[in-house]
Amino acid sequence: MNPLFFRKTIIAATGLFLCVFLIVHLSANCILLLPEDIARDLYNSYSTTLRESPLIKIIAYVLYVSIILHAFYALLITLRNRKAKPQKYVVNHSNENSTWTSQNMGLIGTLILLFIIVHLANFWARIKLGMGEDVRLDHMGNKDVYEVTYSLFQNIYFVIFYTLISIPLALHLHHGLKSAFKTLGFYHKKGLKILAKISLIYAIIMGVGFGIIPFIVYFK
Ligand code: HEM
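Residues numbered from 1 in each chain as written. Predicted model: local features only at pLDDT ≥ 70, side-chain atom pairs only at ≥ 80, totals over all residues. Heavy atoms only, no water.

J.: Would you take a moment to explain the overall build of the protein for this structure?
T.: On a plain count of helices and strands, the protein comes out with eight helices and zero strands. Listing the helices and strands of the protein from first to last along the sequence gives α-α-α-α-α-α-α-α. For the protein, the C-alpha radius of gyration of 19 Å lies close to 17 Å, the compact-globule estimate for 220 residues. Viewed in the frame of its principal axes, the protein has a C-alpha envelope of about 55 × 35 × 30 Å. (Helix = DSSP H or I, 4+ residues; strand = E, 2+ residues; numbered from the N terminus. Rg over C-alpha atoms; globule rule 2.2 N^0.38 Å.)

J.: How do you make sense of the packing of aromatic side chains when you look at a structure like this?
T.: For any pair of aromatic rings, the description consists of the separation of the ring centres together with the inter-plane angle of the planes. Inspection of the entire model under this criterion finds twelve aromatic pairs. Centroid distance Phe115 to Phe161: 5.8 Å. Interplanar angle 50°. Geometry classified as tilted. Remark: Phe161 occurs in helix H7 (residues 156-183) and Phe115 occurs in helix H5 (residues 105-127); sequence separation between them is 46 residues. Residue class for Phe161 comes out partly exposed when judged on its relative accessible area of 29%. Summarising the aromatic geometry, the rings of Phe115 and Tyr162 are spaced 5.0 Å apart at their centres and angled 85° between planes, so their arrangement reads as edge-to-face. Linking Phe115 in helix H5 with Tyr162 in helix H7, this pair joins segments that are 47 residues apart in sequence. Accessibility assignment for this pair places Phe115 and Tyr162 in one class, buried. Among the aromatic residues, those joined into a cluster by ring pairs are Phe115, Phe153, Phe161 and Tyr162. (Phe/Tyr/Trp six-rings, centres within 6.5 Å; stacked < 30°, edge-to-face > 60°. Buried < 20%, exposed > 50% of the residue type's maximum accessible area, 1.4 Å probe, protein only.)

J.: Hey, could you run me through the site of the ligand in this one?
T.: The immediate surroundings of the ligand are formed by 26 residues, with His25, Ser47, Tyr64, His119 and Lys128 found nearest. At 3.2 Å, a side-chain N or O of Trp124 approaches an oxygen atom of the ligand. Take Lys128: an N or O atom from its side chain is 2.9 Å from an oxygen atom of the ligand. Only helix H1 (3-29), helix H2 (36-52), helix H3 (54-84), H5, helix H6 (145-152), H7 and helix H8 (189-219) provide two or more residues apiece to the shell around the ligand. (Near = heavy atom within 4 Å. Polar contact = N/O pair within 3.5 Å; in protein donor to acceptor, adjacent residues only side chain to side chain.)

J.: Explanation requested: the environment of Glu147 in the structure shown.
T.: Within the secondary structure, Glu147 sits in helix H6. With a relative accessible area of 23%, Glu147 lands in the partly exposed category. For Glu147, the contacting residues outside a window of four places in its chain are Arg40 and Arg136. Of note is the side chain of Glu147, whose polar atom sits 3.0 Å from the side chain of Arg40. (Contact = heavy atoms within 4.5 Å.)

J.: Explain the environment of Leu55 to me, please; I cannot follow it from the model alone.
T.: You can see Leu55 is positioned in helix H3. Judged by relative accessible area, which is 56%, Leu55 ranks as exposed. Taking the C-alpha atoms as reference, Leu55 lies 23 Å from Met140; in sequence the two are 85 residues apart.

J.: It is not clear to me how the coordination of the iron atom of the ligand should be interpreted in this structure. Could you clarify?
T.: Metal coordination angles have textbook ideals: 109.5 degrees for a tetrahedral set of four donors and 90 or 180 degrees for an octahedral set of six. Coordination of the iron atom of the ligand by the protein is provided by His25 (NE2) and His119 (NE2), with metal-donor distances spanning 1.9 to 2.0 Å. Between the six donor atoms coordinating the iron atom of the ligand, the angles at the centre fall across 87 to 180°, so the site counts as octahedral. Placement of His25 in helix H1 and of His119 in helix H5 is noted, with a sequence separation of 94 residues between them. Its relative accessible area of 18% is what places His119 among the buried residues. (Donors = N, O, S within 2.8 Å, 3.2 Å for Na, K, Ca; no water. Tetrahedral: all angles 85-135°; square planar, octahedral: opposite > 155°, others 65-115°.)

J.: Just checking my understanding: could you explain the pattern of salt bridges for this structure?
T.: Two side chains with opposite charge may pair up if their charged atoms get near one another. Across all of its chains, the model carries four salt bridges by this definition. One salt bridge connects Glu36 with Arg40, and the closest N-O pair in it is separated by 2.6 Å. One end of the pair is Glu36 and the other is Arg40, both in helix H2 and four residues apart, which spans about a single turn. Glu147 is the salt-bridge partner of Arg40, the closest N and O atoms lying 3.0 Å from each other. Of this pair, Arg40 sits in helix H2 while Glu147 sits in helix H6, and the two are 107 residues apart along the sequence. Judged by relative accessible area, Arg40 falls into the buried class, the value being 17%. (Salt bridge = Lys/Arg side-chain N within 4 Å of Asp/Glu carboxyl O.)

J.: Any chance you could explain a nonpolar patch on the surface here in plain terms?
T.: Taken together, the side chains of Leu33, Leu200, Ile204, Val208, Ile212 and Ile216 make up a nonpolar region of the molecular surface, amounting to roughly 480 Å² of accessible area. In this fold, Ile212 is placed in helix H8. Under the relative-accessibility criterion, Ile212 is labelled partly exposed at 41%. (Patch = residues over 30% accessible without salt bridge, like charges linked within 9 Å, V, L, I, M, F, W, Y side chains within 5 Å. Areas by Shrake-Rupley, 256 points an atom, 1.4 Å probe, with all protein chains shown as cover.)

J.: Mind showing me how you'd approach the side chain of Thr101 here?
T.: Examined against the element boundaries, Thr101 turns out to sit in helix H4 (residues 96-103). When neighbours within four sequence positions are excluded, Thr101 is seen to be in contact with Ile108, Leu171 and His175.

Put into structure tokens, the structure is as follows:
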């Protein structure tokens, strides 16, 4: 198999998997928008169920490997493209915005990767690895993940950081999803138009959803 095609296929397949993860992750984080007495129990029970389920544990490892492979091969392609100019990512240059995004996928992807590292340090390292300050237990004996989230978003700098990052996230998802469908062999013109619309709607929902939740929690 052509090495470039192999790398793009890995990026596309892991990217689609990460897109599905984000739908589940955003849906779960919408619990934070409910009144506190319901939200705390629901969020903490959900988080405990995820951590303790053997199946979800396997899916979590697939998730970590996907993030690493996606970032690694994307970086490799970006560096090769920079050397070999002007060959670029597979994309439909149908409008100005997608051209700017496609030309800056490396930069946008790096910003998102940096965000993920900070985000994992904020939550995952504390909750799953027990690093840093101890996470309190709630009245049901579950780790109080709601409290961890709530207290992080009492800090306006984190709120602004999470909200700002949702812009490159939305741009990356919009372009990435469209490109993934093409890389995986969807060439039908009408079908691609529909998929481009789905990609746009998906990116807007993810961007607005992840961008607005920290603000709502801050003002709760
Ligand atoms: C409103 C914004 C967000 C909130 C409140 C939030 C909250 C959380 C929490 C609480 C966890 C730890 C879950 C647990 O172990 O019980 C987590 C994990 C994670 N988050 Fe987020 N998240 C947000 C946005 C994002 C975004 C935008 C991404 C990706 C671009 C992301 C990627 C991840 C990943 C990869 C994990 C590790 C999952 C695992 O270990 O199973 N999150 N998030």
